[in-house]
Amino acid sequence: MAEREVYYLGPTSTAEESYQNIDKTGGWEFLDLKNVTKSKLTINNGKYSSSQVTATNGHAVFATKKKINFDFINKIKIKLAGGSVSGQVISVQLYENTPAFNMGNKIFEIKTIEGISNAQLIEIDTVQIYGSYYLGINFSHNSYFDQWWTNISVITTAKMLDKLSVGSAIEIDGAPAYSGDWVKNNVWKIADKNHAGYPANSVTIIMDRRYRYPICVDAKEPNNPDANRKVYGNNRYRYSNIHQWLNSNSEAGQWYTAQHEFDEPPISGNTADSSNLYKSWAGFLRMMGKDFEDKLLPTTITVAKPNVDGGGYETFTAKMFLPSTTEVGLSKDGFTEGSKLALFSDNASRVSYYEKDGALVADLWNTRTPYKTNGYSVWYVSADGSINSAGSAYHRKAPRPIGNLPGDTEIYGPYPNGHYRLAPKELPTYQNLIIGGAV
């Protein structure tokens, strides 16, 4: 696991130096002080002026200027330093709105610690906190302080993807502009680790719930001399519309280019019906976002060729691809395209769902495996997880693409729903956090 400090205040040898790390614009005021002689902190040439406050049962509160996303925060470290620091009571709290002087909008306390002494390091675990909050740290005082300062660190600790077990669920944010395409969750499962023939030290993931919209694997090719491909589309996977779309990061309407002389895009008149004509969509990788695309490992896949294309197999490289019948633990036409992924053991393990009217409904999903004896049909997984008879290549079924990520990809979780999340490419950093003061 990799520990990373995403916000840090201090340490420095004096209060003057420590104060340089704080946003000083317009000075700063004490928050929620009780029974004290209160005055605004004086800044002389950017330096801390000591002996400002005498406190009796008083309080001083640090509070962040920005909300912190606790989805990626695992730990808060606090260390007091200075003169006469003893007997402190520290309350670490979260706030939904900007903390006010009365600190009246507290959501909950993370932890309260009594009897803190000079230079004592406090570590507070936050792994069960999710969402964005302002962080407040309330120090109760029972004595006079000549000089007093503190170090505060906000720590994130990531796990590595390859430490999770097969079947673990991973949530991926996707590009914000296309969030509607992921309905509620863009959830993937670990299908295998270090799978034979895939990149070394990789983790294979597959979309858990099939993609929201059923789409054709390939469109009709009206000018193709093969009579079946003319009417039903082409089942040679490397030339398919869906293969090109899955590996494109192009903007809406720009992902398609002809892959062979007779190729046609999925537009009206070329598909089974007039819905989900995905030529007008953005490329799949565009929808998933550049951060995810950059993590994907190019993978050499083996694909069977139908007899009309000479039979046998061909290999090529892709970042995203449909699984083969072999990889999902099924067999048809004697093809062997790769080897079985660990996730798939029986029909139940192959069932995939989509959400309809608040309920999960099992549905069909395509493999990349062609029908051997014609040029237009592909094999697909039925709603009960078994292999079904070949349907024409342009009949609409939803894809469950797979891809490979490096094993050391950083993740966070588990979250309350048991899922994990991929870490963003750059974790958020929090600067100029402090709006509260100290005595």
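Counting restarts for each chain, with residues numbered from 1 along the sequence as it is written. In view of the model being predicted, local features appear only for residues whose pLDDT reaches at least 70, and side-chain atom pairs are presented and counted only at 80 or more, with totals across whole chains, interfaces and linings using the full set of residues. Excluded from the side-chain calculations are hydrogens and water; all other atoms, namely the structure's heavy atoms, are used.

**Q** Can you walk me through the side chain of Arg368 in this structure?
**A** Looking at the element boundaries, Arg368 is found in strand β19 (residues 365-370). Nitrogen and oxygen atoms within 3.5 Å of one another constitute a polar contact, given that in protein one can donate a hydrogen and the other can accept it, and given that sequence-neighbouring residues count only through two side-chain atoms. A polar side-chain atom of Arg368 sits 2.7 Å from the main-chain carbonyl oxygen of Leu322. Between two residues, a contact is recorded if the distance between any of their heavy atoms is within 4.5 Å. Not counting the four nearest positions on each side in its chain, Arg368 is found in contact with Tyr237, Ile301, Thr302, Val303, Phe321, Leu322, Pro323, Ser324, Glu327 and Glu337. The helix count covers DSSP runs of H or I at least four residues long, the strand count covers runs of E at least two residues long, and both are numbered beginning at the N terminus.

**Q** Would you explain the sheet that holds strand β21 (residues 391-392) in this entry?
**A** In any sheet, the strands associate via hydrogen bonds between backbone groups, in a parallel or an antiparallel arrangement. Pairing is antiparallel across the open sheet formed by three strands, whose spatial order is β19-β20-β21. A single partner strand is all that each edge strand has here, and the edge strands are β19 and β21. By the bridge criterion, three bridges tie β19 to strand β20 (residues 377-381) in an arrangement that is antiparallel. Bridge pairing in β20 links Pro370 to Val378. In this scheme, strands are said to pair when DSSP sees at least two bridges between them.

**Q** Would you mind going over the pairing of strand β16 (residues 313-318) with me for this structure?
**A** The two faces of the sheet receive side chains in turn, since in a regular strand these alternate between them. Residues Glu314, Phe316 and Ala318 point to one face of β16 and are all buried, whereas Tyr313, Thr315 and Thr317, pointing to the other face, are not buried. Here strand β15 (residues 299-304) pairs with β16 via six bridges, running antiparallel. The residue of β16 that forms the bridge with Thr302 is Thr315. The classification of residues rests on relative accessible area computed with a 1.4 Å probe and restricted to protein chains. Under 20% of the type maximum is buried, over 50% is exposed, and intermediate values are partly exposed.

**Q** Even after reading the chapter, I still don't get the packing of aromatic side chains, so can you show me in this structure?
**A** Aromatic rings in a pair are described by how distant their centres are and how their planes are angled relative to each other. Any pair of Phe, Tyr and Trp rings, taking the six-membered ring for Trp, is counted once the centres come within 6.5 Å. Such a pair is stacked with planes under 30 degrees apart, edge-to-face with planes over 60 apart, and tilted for the rest. Tallied over the full model, the rule gives 15 aromatic pairs. Between Tyr237 and Phe316 the ring centres are 6.3 Å apart and the planes differ by 20 degrees, which places this aromatic pair in the stacked class. Of this pair, Tyr237 sits in the loop between α2 (227-232) and α3 (241-246) while Phe316 sits in strand β16, and the two are 79 residues apart along the sequence. The pair Tyr237 / Phe316 is uniform in exposure class, with both members buried.

**Q** How should I be thinking about the pattern of salt bridges in this particular structure?
**A** Oppositely charged side chains are able to pair whenever their charged atoms sit close together. For this document, the term salt bridge refers to a Lys or Arg side-chain nitrogen within 4 Å of an Asp or Glu carboxyl oxygen. The full count for this structure, using the stated rule, is 11 salt bridges. A salt bridge links Asp173 to Arg421; the shortest N-O distance between them is 2.9 Å. In this pair, Asp173 sits in the loop between β12 (169-171) and β13 (187-193) while Arg421 sits in strand β24 (residues 420-422), placing the two residues 248 residues apart along the sequence. When its relative accessible area of 13% is taken as the criterion, Arg421 is described as buried. Asp208 is paired through a salt bridge with Lys189; the nearest N and O atoms lie 3.9 Å apart. Pair noted here: Asp208 is in the loop between β14 (202-207) and α2 and Lys189 is in strand β13, with a separation of 19 residues, a long-range link. With relative accessibility at 26%, the residue Lys189 sits in the partly exposed group. Through salt bridges that share partners, Arg229, Arg236, Arg238, Asp309 and Glu314 make up one connected network.

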